[in-house]
Amino acid sequence: MSEKIRVFAPATIANVACGFDIMGLALEKVGDQLTIQKTDDERLTIGSIIGAENIPTDPTKNVCSVAIQAMLDHIGSKQGFHIDISKNISPGSGLGSSASSSAGAVYGANMLLGKPFTKKELVQFAMEGEKAASEKAHADNVAPSLLGGFTVIRSYDPLDIFSVHYPEELIATVVFPAVEVKTADAKKILKPEVALSDAIAQWGNVSALTAGLITEDFGLIERSLQDVIVEPVRSILIPCYQEMKQAGMDAGALGGNISGSGPSVFALSKGKETAEKVGQAMSAVLAKNGIAYELFISKINPVGCEIIN
Ligand code: HSE
């Protein structure tokens, strides 16, 4: 068994319009890389952090060590680990930055311990990293980052997660405007109660999106990529949101919405060509308004966390 491992943990789009806190999908290529090493003492230590500022190196605050500690506590292990982090997802981007780090950390430590847990079982520990970062232990980023694909959380208590089949041709476009939105802040502005009429609309869309993905019914996917609960409140935090979304729809997207808690905005399209046109149209809105951005076009990543060289 190797004592050192390098891990890729993909970025994610959480919520996927109607599935606030329960739906998520993994992206290809964009994500964090972690090097995790077993040590001879009982400490968890954070070494270099490349690609992001203001990430805590205090192991009681860093999401990687918090998540690994939760796993070690569960099995009563005192194994030490040293973690180096290379972040390719900006914190506060809405692409599951802290989730990728948390997921990659527990995936790598689990491998070095001889795989006592399945990827699905690791979600509960990665969620502790999410809690350290955003005050709430949601799983809609860590589940797809660990498992890959499109995941749904049926229940948080007990934790019950399932993966949903999706059409191969479904391509994500993500535009990340250069502003930061903290998940904790984006959660605080949400109303604690939901009108029954809104809940009915959301239930319909969540079940229809799941069915549309499984049956590869693009019409149903298109009709159900809607959110009547969270988007109206949060979209005010994102520059040019409505204009960007409309530009994506006009360019042929099936639908679009806020990625996680924003500010990234995503669209889903049938086929790469359309996804690229959608990306051009959405990013042109930001360019016109003088707002810097990053653009990603990605298939859904079927693998999730994986070992790399
Ligand atoms: N579901 C969470 C939220 C994801 O929207 O607050 C955070 O990225």
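One structure accompanies this document, and this report is about it. This is a predicted model, so every value here is computed, not measured.

What counts and how
- Residues numbered from 1 in each chain as written.
- Predicted model: local features only at pLDDT ≥ 70, side-chain atom pairs only at ≥ 80, totals over all residues.
- Heavy atoms only, no water.
- Helix = DSSP H or I, 4+ residues; strand = E, 2+ residues; numbered from the N terminus.
- Rg over C-alpha atoms; globule rule 2.2 N^0.38 Å.
- Buried < 20%, exposed > 50% of the residue type's maximum accessible area, 1.4 Å probe, protein only.
- Contact = heavy atoms within 4.5 Å.
- 1 Å grid on protein atoms, 1.4 Å probe; cavity = no way out; pocket = protein on both sides within 12 Å on 5 of 7 lines; lining within 4 Å.
- Points joined across faces, edges and corners; volume = space filled by probe spheres on them.

1. Re the overall build of the chain
Within the chain, the secondary structure is distributed over ten helices and eleven strands. Against the globule reference of 19 Å for 309 residues, the chain gives a C-alpha radius of gyration of 19 Å, in line with a compact fold. Across the 309 residues of the chain, 53% fall into the buried class. The contacts of the chain with a sequence gap of at least 6 include a subset with a gap of at least 24, amounting to 74%.

2. Points about the layout of surface pockets
To find leftover empty space, a probe the size of one water molecule is rolled over the atoms. The calculated volume of the largest pocket comes to roughly 820 Å³. Taken together, 43 residues line the largest pocket, and the ones lying closest to its centre are Pro 91, Gly 92, Ser 98, Ala 133 and Glu 180. If you list the elements that add at least two residues to the lining of the largest pocket, you get helix 1 (63–75), helix 2 (97–112), helix 3 (119–134) and helix 5 (183–188). Per-element accounting of the lining of the largest pocket gives the leading share, four residues, to helix 3.

3. Examining unusual backbone geometry
Put simply, Asp 157 and Pro 158 share a cis peptide bond, and its omega is 0°. With respect to the secondary-structure elements, Pro 158 resides in the loop between strand 5 (150–156) and strand 6 (159–164). The omega angle of the peptide bond from Gly 262 to Pro 263 is 10°, so this bond is cis rather than trans. With respect to the secondary-structure elements, Pro 263 resides in the loop between strand 8 (255–258) and strand 9 (265–270).

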